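Below, each chain spelled out in residue letters.
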Amino acid sequence: MRPGSRVAKYEYILGDSSYEVRRLAFQAGVWRDMTEGLFDRLGVGPGWKCLEVGPGTGTVLLPLAARVRGRGGRLDAVERSPRYLAYLRRKLRGRGFDHVRLLAGDLLDAPLEKNAYDLIFARWVFLFLPRVEEHLARLARALKPGGFLAIEDYHRDSVAIYPRLPSWRYLVTADRAWFASQGGDLNVAGRLPKLFRRAGLRVHEIVPHVKVGRPGSDVWKWLEDYFVGYLDRIAKFPPFTPARAACFRREWLAAKRDRDSLIISPMMLDVVGRK
Ligand SMILES: C[S@@+](CC[C@H](N)C(=O)[O-])C[C@H]1O[C@@H](n2cnc3c(N)ncnc32)[C@H](O)[C@@H]1O
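Residues numbered from 1 in each chain as written. Predicted model: local features only at pLDDT ≥ 70, side-chain atom pairs only at ≥ 80, totals over all residues. Heavy atoms only, no water.

1. What to know about the nonpolar core
- One finds Trp168, Phe240 and Phe248 to be the most contacted residues of the largest nonpolar core, which totals 70 residues.
- When residues in this core are grouped by element, the largest group, seven residues, is from helix H5 (residues 168-180).
- The residues touching Trp168, leaving out its near neighbours within four places in the chain, are Val159, Ala160, Ile161, Phe227, Phe248, Trp252 and Ile263.
- One finds Leu64, Ala65, Leu88 and Phe97 within the second-largest nonpolar core, a separate group that totals 23 residues. (Core = buried A, V, L, I, M, F, W, Y, C linked by side-chain atoms within 4.5 Å. Buried < 20%, exposed > 50% of the residue type's maximum accessible area, 1.4 Å probe, protein only. Helix = DSSP H or I, 4+ residues; strand = E, 2+ residues; numbered from the N terminus. Contact = heavy atoms within 4.5 Å.)

2. Quick look at the site of the ligand
- Contacts to the ligand come from 21 residues, most closely from Tyr10, Gly54, Glu79, Leu107 and Arg123.
- Side-chain polar atom of Thr59 to an oxygen atom of the ligand: 3.3 Å apart, as the coordinates give it.
- Computed on the free molecule, the ligand has an accessible area of 600 Å², of which 99% lies beneath the protein chains in the complex.
- In terms of residue class, the shell around the ligand is made up of eleven nonpolar, five polar and five charged. (Near = heavy atom within 4 Å. Polar contact = N/O pair within 3.5 Å; in protein donor to acceptor, adjacent residues only side chain to side chain. Areas by Shrake-Rupley, 256 points an atom, 1.4 Å probe, with all protein chains shown as cover. Nonpolar A, V, L, I, M, F, W, Y, C, P; charged D, E, K, R; others polar.)

3. A short note on the sheet that holds strand E8 (residues 212-213)
- Sheet architecture is open: three strands sit in the order E6-E9-E8, paired in antiparallel fashion. The open sheet has two free edges, formed respectively by strand E6 (160-162) and E8, since each of these has just one partner strand.
- Note that E8 and strand E9 (residues 262-264) share two bridges and pair antiparallel. Looking at E9, one finds that Val212 is bridged to Ile264.
- The sheet contacts of helix H7 (residues 218-227) involve E6, E8 and E9, and relative to E9 the element is tilted by about 70 degrees. (Pairing = 2+ DSSP bridges. Axes fitted to C-alpha atoms, helices over the stretch in contact; angles between N-to-C directions.)

4. Focus on the packing of aromatic side chains
- Applying the stated rule across the entire model yields 15 aromatic pairs.
- For the pair Phe248 and Trp252, a centre-to-centre distance of 6.0 Å together with 50 degrees between the ring planes defines the contact as tilted. Placement of both Phe248 and Trp252 in helix H9 (residues 242-257) is noted, with a separation of four residues, approximately one turn of the helix.
- Under the relative-accessibility criterion, Trp252 is labelled buried at 1%.
- Members of the aromatic cluster, joined through ring pairs, are Tyr12, Tyr19, Phe128, Trp168, Trp178, Phe179, Trp220, Tyr226, Phe227, Tyr230, Phe248 and Trp252.
- Of note, Arg80 hangs over the ring of Tyr10, and the distance from its end group to the ring centre comes to 4.1 Å. (Phe/Tyr/Trp six-rings, centres within 6.5 Å; stacked < 30°, edge-to-face > 60°. Lys NZ or Arg CZ within 6 Å of the ring centre and 35° of its normal.)

5. Thoughts on unusual backbone geometry
- Geometrically, the link from Tyr162 to Pro163 is a cis peptide bond, its omega value of -5 degrees lying close to zero.
- For the bond from Pro238 to Pro239, the omega torsion is 10 degrees, close enough to zero to count as cis.
- Within the secondary structure layout, Pro239 lies in the loop between helix H8 (231-234) and H9.
- Although it is not a glycine, Arg71 sits at a positive phi angle of roughly 50 degrees.
- Relative to the helices and strands, Arg71 resides in the loop between helix H2 (61-68) and strand E2 (74-79).

6. A short note on the pattern of salt bridges
- Overall, the coordinates contain 18 salt bridges when judged by the stated rule.
- Residue Arg74 pairs with Asp76 through a salt bridge whose shortest N-O separation is 3.5 Å.
- A cluster of three or more residues bridged by salt bridges with shared partners is formed by Glu36, Asp40 and Arg67. (Salt bridge = Lys/Arg side-chain N within 4 Å of Asp/Glu carboxyl O.)

7. Section: the pairing of E2
- The buried fraction of E2 amounts to five of the six residues, a majority that puts the element mostly inside the structure.
- As paired strands, strand E1 (residues 49-53) and E2 are joined by five bridges and run parallel to one another. Paired with Leu51 across the bridge in E2 is Asp76.
- A crossover links E1 with its parallel partner E2, the connecting element being H2, and its sense is right-handed. (Right-handed = clockwise from strand over helix to strand, strands pointing away.)

8. What to know about the environment of Ala25
- Relative to the helices and strands, Ala25 resides in helix H1 (residues 18-42).
- Residue Ala25 is classed as partly exposed on the basis of its relative accessible area of 42%.
- Separated by 32 residues in sequence, Ala25 and Thr57 place their C-alpha atoms 7.6 Å apart.

9. Looking at the sheet that holds strand E4 (residues 117-123)
- The mixed open sheet is built from seven strands, whose spatial order is E3-E2-E1-E4-E5-E10-E7. Either end of the sheet is taken by a strand with one partner, and the two such strands are strand E3 (100-104) and strand E7 (202-209). Shown here is a sheet whose adjacent strand axes are inclined to one another by a mean of 15 degrees, direction ignored.
- As paired strands, E2 and E3 are joined by five bridges and run parallel to one another. Among the inter-strand pairings, Asp76 is bridged to a residue of E3, identified as Arg101.
- In the packing of H1 onto the sheet, contacts are made with E4, strand E5 (143-155), E7 and strand E10 (267-274), and the angle to E4 comes to roughly 160 degrees.
- Along the sheet, helix H3 (residues 82-92) contacts E2 and E3; its crossing angle with E3, the most-contacted strand, is approximately 165 degrees.

Written out as C-alpha cells, the structure reads:
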C-alpha cells in the first residue's frame with residue numbers, strides 16, 4: 001500500500017497463482033457470451049473511453065481494447081496484482097494497443113479524472129470489496145454525464161446441485177464466510193441497484209444469467225475448479241470442519257459419476273447504472 005493510501009488493507013483471497021490464472025481463463029470461456037452481449041447492448045465501439053476495474057489476466061481487457069480502438073477510443077485498467085500487471089503488459093505488447101493504459105494499484109488509490117469515461121466495467125471484482133459504497137462513489141465521479149457503470153457479479157446463494165448433497169449447505173455457508181472474512185459479499189449483485197442510486201446513478205438495466213451443466217460439461221468443470229480446487233481454503237471456515245469437508249469431497253465425486261447429476265450455476269447479474 002502507498003504511504004498515505006486511503007485503502008484499508010484487505011487480502012484479495014483468490015490470489016494470483018498459476019492455478020488461478022488457468023481457472024480465470026477457463027471461467028472466461030464459460031461466460032464470454034454474457035459479457036460480449038452486455039457490450040453489444042450498450043453499443044460499445046470505436047471512440048469509447050472506458051475503464052476496466054480488476055482485469056486480472058485480461059480475458060475482457062483484450063477484446064474490449066479491440067472494440068474501442070479508433071476514433072480516439074481509449075481503455076484504462078486498474079489492477080492491484082503486480083503479477084497480473086506483468087502478465088497484461090506481456091499480452092498487450094506488439095498488438096498496437098497504444099490506446100490502453102494500465103494503472104497499477106488499488107482502485108481507491110487510482111488517479112481517476114472526473115467526468116472521463118463513457119463506460120466503467122468490472123466483472124467478478126465487487127464481490128471481494130469491503131466498503132462497496134466508497135468504491136461506487138469514486139467510479140460515479142469518474143463517469144461522464146450519460147456514461148455507464150456496468151458491473152457483472154454474483155447472487156451466489158442460487159447455486160444448486162442435483163441430486164442434493166447433504167454437505168452442500170456447509171460448503172455454501174463456509175464459502176460465504178471466507179469472502180466475508182475480508183469484507184466481501186458473494187451476493188453483492190442484489191445490493192447494487194440501491195447502492196447505485198445512492199451514488200447518484202440511475203439504474204439502466206438489470207439482466208440475469210444462469211447456466212446449467214452435467215458432469216463432463218464446461219459448467220461442471222468450472223464449478224469443480226472452484227469448489228474442489230479451493231476446498232482446503234473454504235474448509236477453514238465454519239460451519240465446515242475437516243470431517244464435513246472430506247464428506248463433501250466424497251459426495252461430489254459420487255455426483256460426478258452419476259450421469260443424471262445437474263449443477264445450476266450461481267446467478268450472475270449485469271447491473272448497469274447511468275450517470
Ligand atoms: C476474480 S478476478 C476477475 C478478473 C477479470 N475481471 C475477469 O473477469 O476474469 C478479480 C480481479 O480484481 C482484482 N482486484 C481485486 N480488488 C481490487 C481493487 N481493490 N483494485 C484493483 N483491482 C482489484 C484482482 O487482483 C483480480 O485481478
